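Listed below, chain by chain, are the residues.
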Amino acid sequence: MTATNTQSRPRILLPEKVSPDGIALLAPHFEVDSRIGLSADELLALIPEYEGLIVRSETKVTAQVLQAGKKLKVVARAGVGVDNIDVPAATAQGVIVVNSPAGNIVAAAEHTVTLLLATARNVGRADASVKEGKWERSKLVGIEVSKKVLGIVGLGKVGHHVARMAKGLGMQVMAVDPYASEDLARQAGVTLLPSLEDLLPVVDWLTIHTPLLATTLDLVGEGQLQKMKKTARVLNVARGGLDVFTSEPPTPDSVAAVLSKHPKVIATPHLGASTVEAQENVSMDVCTQVLEILRGGLPTSAVNAPIILPEEFRKLQPSVALVEKMGRLYAQHFGARGKGGMMGGRTFELRYHGDLAAMPNTKPLFAALVKGLVSVLSDSHVNIVNATLIAKEKGFTINETRSQDSKTYANLVSLRAYDENTAAGQHQVIEGYASQKRLYISKLDRFNASFPPEGTLIVLHNYDEPGKIGGVGTVLGGYGINIRFMQVASLDEDARDEGEDKKGVEALMILGVQSSDGKVSESVLEDLRKSEGVLNVSLVQL
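Cut-offs and rules
- Residues numbered from 1 in each chain as written.
- Predicted model: local features only at pLDDT ≥ 70, side-chain atom pairs only at ≥ 80, totals over all residues.
- Heavy atoms only, no water.
- Salt bridge = Lys/Arg side-chain N within 4 Å of Asp/Glu carboxyl O.
- Buried < 20%, exposed > 50% of the residue type's maximum accessible area, 1.4 Å probe, protein only.
- Helix = DSSP H or I, 4+ residues; strand = E, 2+ residues; numbered from the N terminus.
- Lys, Arg positive; Asp, Glu negative; His and termini not counted.
- Pairing = 2+ DSSP bridges.
- Axes fitted to C-alpha atoms, helices over the stretch in contact; angles between N-to-C directions.
- Contact = heavy atoms within 4.5 Å.
- Patch = residues over 30% accessible without salt bridge, like charges linked within 9 Å, V, L, I, M, F, W, Y side chains within 5 Å.
- Areas by Shrake-Rupley, 256 points an atom, 1.4 Å probe, with all protein chains shown as cover.
- Right-handed = clockwise from strand over helix to strand, strands pointing away.
- Parallel < 35°, antiparallel > 145°, perpendicular 65-115°, else oblique.
- Left-handed = near helix turned anticlockwise from the far one by under 90°.
- Nonpolar A, V, L, I, M, F, W, Y, C, P; charged D, E, K, R; others polar.
- Expected span 1.5 Å × (residues − 1).

Chemist: Whenever I open this one, the pattern of salt bridges confuses me. Can you help?
Modeler: A side chain with one charge can pair with a side chain of the opposite charge if their charged atoms come near. Per the stated rule, a full pass over the model turns up 14 salt bridges. Glu465 is the partner of Lys468 in a salt bridge, and the nearest nitrogen-oxygen pair spans 2.9 Å. Of the residues examined, Glu465 reaches a relative accessible area of 30% and is grouped as partly exposed. Of the charged contacts, one joins Arg529 and Glu522 as a salt bridge, the two residues approaching to 3.0 Å between their closest N and O atoms. Judged by its relative accessible area of 27%, Arg529 is partly exposed. One connected set of salt bridges, linked through shared partners, spans Glu522, Glu526 and Arg529.

Chemist: Is there a simple way to explain the side chain of Arg77 in this structure?
Modeler: For Arg77, the location among the structural elements is in strand E4 (residues 74–77). Look at Arg77: it is buried, it has no salt bridge, and the nearest opposite charge is Asp83 at 5.3 Å.

Chemist: Even after reading the chapter, I still don't get the sheet that holds strand E9 (residues 205–208), so can you show me in this structure?
Modeler: In a beta sheet, neighbouring strands are held together by backbone hydrogen bonds and run either parallel or antiparallel to one another. Ordered in space as E8-E7-E6-E9-E10, the 5 strands form an open sheet in which the pairing is parallel. Each end of this open sheet is capped by a strand with a single partner; those strands are strand E8 (190–192) and strand E10 (233–236). Looking at each pair of strands side by side, their axes are set apart by 25° on average, direction ignored. Across 3 bridges, the pairing between strand E7 (residues 172–176) and E8 is parallel. Residue pairing in the sheet places Met174 in a bridge with Thr191 of E8. Sheet strands touched by helix H6 (residues 105–120): strand E6 (149–153), E9 and E10. Its angle to E10, the strand with the most contacts, is close to 150°.

Chemist: Help me understand the pairing of strand E11 (residues 347–352), please; the structure alone is not making it clear to me.
Modeler: Each regular strand carries side chains that alternate between the two faces of the sheet. For E11 and strand E13 (residues 413–418), the ladder comprises 6 bridges, and the chain directions are antiparallel. Note that in E13 the partner of Arg351 across the bridge is Ser414. With 6 bridges connecting them, E11 and strand E12 (residues 397–402) associate as parallel partners. Paired with Glu349 across the two strands is Asn399, which belongs to E12.

Chemist: It is not clear to me how the environment of Leu291 should be interpreted in this structure. Could you clarify?
Modeler: On the secondary structure map, Leu291 appears in helix H13 (residues 276–294). The exposure class assigned to Leu291 is buried, which follows from its relative accessible area of 7%. For Leu291 and Val520, which are 229 residues apart along the polypeptide, the C-alpha to C-alpha distance reads 33 Å.

Chemist: What exactly am I supposed to notice about a nonpolar patch on the surface here?
Modeler: Together, Ile469, Ile483, Met486 and Val488 give the surface a local cluster of nonpolar side chains, amounting to about 310 Å² of exposed area. By residue number, the principal contributor to the nonpolar patch is strand E18 (residues 481–491), which donates 3 residues. Among the secondary structure elements, Ile483 is positioned in strand E18.

Chemist: Mind showing me how you'd approach the pairing of E4 here?
Modeler: Of the two faces of E4, the one lined by Val74 and Ala76 and the one lined by Val75 and Arg77 are each fully buried. Here strand E3 (residues 52–55) runs beside E4; their pairing, made up of 4 bridges, is parallel. Within E4, the position partnered with Leu53 by the bridge is Val75. In this fold, E3 hands off to helix H4 (residues 63–68), which returns the chain to E4; that crossover is right-handed. Two elements, E4 and strand E5 (residues 96–98), share 3 bridges in a ladder whose sense is parallel. The residue of E5 that forms the bridge with Val74 is Ile96. Handedness of the β-α-β unit built from E4, helix H5 (residues 87–92) and E5 comes out right-handed.

Chemist: How should the packing of helix H17 (residues 468–478) against helix H19 (residues 522–530) be read in this particular structure?
Modeler: Working note: a packed helix pair is described by the angle between its axes plus the distance between those axes. H19 packs onto H17 with a crossing angle of 155° between their chain directions and a minimal axis gap of 10 Å. Between H17 and H19, the angle falls in the class roughly antiparallel. When you trace H17 past H19, the crossing you get is right-handed. Residues Val472, Val475 and Leu476 of H17 form the contact with H19, whose own contacting residues are Val524, Asp527 and Leu528. A breakdown of the residues in the contact of H17 with H19 according to their chemical character gives 5 nonpolar, no polar and 1 charged.

Chemist: Sorry if this is basic, but what is going on with unusual backbone geometry here?
Modeler: Most peptide bonds are trans, and most residues other than glycine sit at a negative phi. Even without glycine at this site, Lys147 takes up a positive phi of about 70°. Assignment of secondary structure puts Lys147 in the loop between helix H7 (123–131) and E6. Look at Lys147 and you get exposed, because its relative accessible area is 73%. For Asp253, which is not a glycine, the phi torsion comes out positive at approximately 70°.

Chemist: I tried to follow the packing of helix H15 (residues 363–374) against helix H16 (residues 387–394) on my own but got confused; where do I start?
Modeler: It is the contact of H15 with H16, at a shortest axis distance of 9 Å, that shows an interaxial angle of 35°. Both H15 and H16 take part in a crossing whose hand is left-handed. Every residue of H16 that contacts H15 at Lys363, Phe366, Ala367, Val370 and Val374 is listed here: Ala387, Thr388, Ile390, Ala391 and Lys394. Partitioning the contact of H15 with H16 into residue classes produces 7 nonpolar, 1 polar and 2 charged.

Chemist: It is not clear to me how the sheet that holds E11 should be interpreted in this structure. Could you clarify?
Modeler: Taken in spatial order, the 10 strands make up an open sheet running E12-E11-E13-E14-E15-E16-E18-E19-E17-E20, and their pairing is mixed. The open sheet is flanked by E12 and strand E20 (534–541), the only strands paired with a single partner. Ignoring which end each strand starts from, the neighbouring axes of this sheet average 20° apart. Strands strand E17 (456–463), E18 and strand E19 (506–515) of the sheet are contacted by H17, whose axis makes an angle of about 25° with E19.

Chemist: Sorry, what's going on with H6 here?
Modeler: In an α-helix, one turn spans 3.6 residues, which is why side chains three or four residues apart end up on the same side. Here H6 spans 23 Å end to end across 16 residues, near enough to the 22 Å set by a 1.5 Å rise per residue. In terms of burial, H6 is a largely internal element, 12 of the 16 residues being buried. Looking at H6, one finds that the buried residues are Ile105, Ala107, Ala108, Ala109, His111, Thr112, Val113, Leu115, Leu116, Ala118, Thr119 and Ala120. Structurally, H6 contributes buried residues whose contacts are with H7, E6, helix H8 (157–168), E9, E10 and H13. Of the residues one or two after H6, Asn122 is the one with positive phi, at around 55°.

Here it is, written out as structure tokens:
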């Protein structure tokens, strides 16, 4: 029995080493298979059985692998670069790609400074000569780095950290980065220059910390080297195709292999992130993201989706859960009522109020609505990568809008649905809000409400007449169904003003129910529909 339960859990493949703490984080929830050293063919054969894949720098996650991984929901790179992952192919497959952009910042910066000092004091040549039994002090005279100029190309997180350490060594630091903040640079004691051409002639060391882009490809060549001082040193510590060794290890007799043997070159394997602390940091970071994604949460460092800052992540989480439930409620309630519940041709307006209206990234809310709407119709896996594509495939449109009006709640969400045949003022409406980690639906169609969207709900559309509650209770009692909570939702003022059916004022009765076998049969719903004054009944599973 235990084995069956284990095998039914989502599976995660680890073809490279991941820290024990990271594995321990995942193991209680998923089947984690560590298969270090897989060949490309073996990976291709195994990947169809897995929902998650965690790699470092050696495993090549190709388009072929991603297409074979029909169950894949997330590929995680325990590190910064994702050049070993076909990100466009992952996006096309709806697979989230995450990495750890901050986990090895300190390690990468320290490695840069290590190389800087090694070139200043000829550490590589000195060590090699001693190992050969030589003692060549006079040939290995170095220079001091204090009061020298360090030029940084790319003043991102690693570049900033290098700058701070260089200032601690007494160096003068200059940088080139068209996207850098002048205020942050000034605070770090860094002088920003307009261009690389201005930087090259004045530096004693040049260090490169940029990703591989069209604008950074072949950034430093013969022409740039000729503009530098004859005594200048270049530190090539960039990632994503700008490494000294684009092929690891360098191909024998290649330019890189020949260059690495030059006496004025200090070369190391791919060690920028190779510290115990960095390995642990990046492993824990990506394992945490994989855990969240496979449990329906949000990534914090998705490469192929908008980046969600931690503070945004915390603010959005309750509303993401709310919007998904609103989508599920719409599909089940309006579908059962026969009022255009099918999504094809529908337009949904998702309107954010209060604090939510000021959030810069609402893609997770968009995805949550799509997930909720299609959850009862198909088994499509929906996330922030493929939500727009799935909505298009299902034939509906979602428009996001923001309201600056003064609503009662700081994070109210309104959902309106209509098609080209919907008359003005006849939109289907659901409104809800999150308050102190609790979720509530505050409006359902034309009725004001306040009920939690959870568990099994029976929603009755009826005339508001005496005896209705007792009659409903009798029917449910006959089937052994308990009522956990009940609320009568009244018409809002606008609907009252429009005038109601002459038979009486309409209302909704929302019942949270629970049966001994966990099911509510169609017979129960049919008996409720037969009750006098009941216009319609829907069953909603949230």
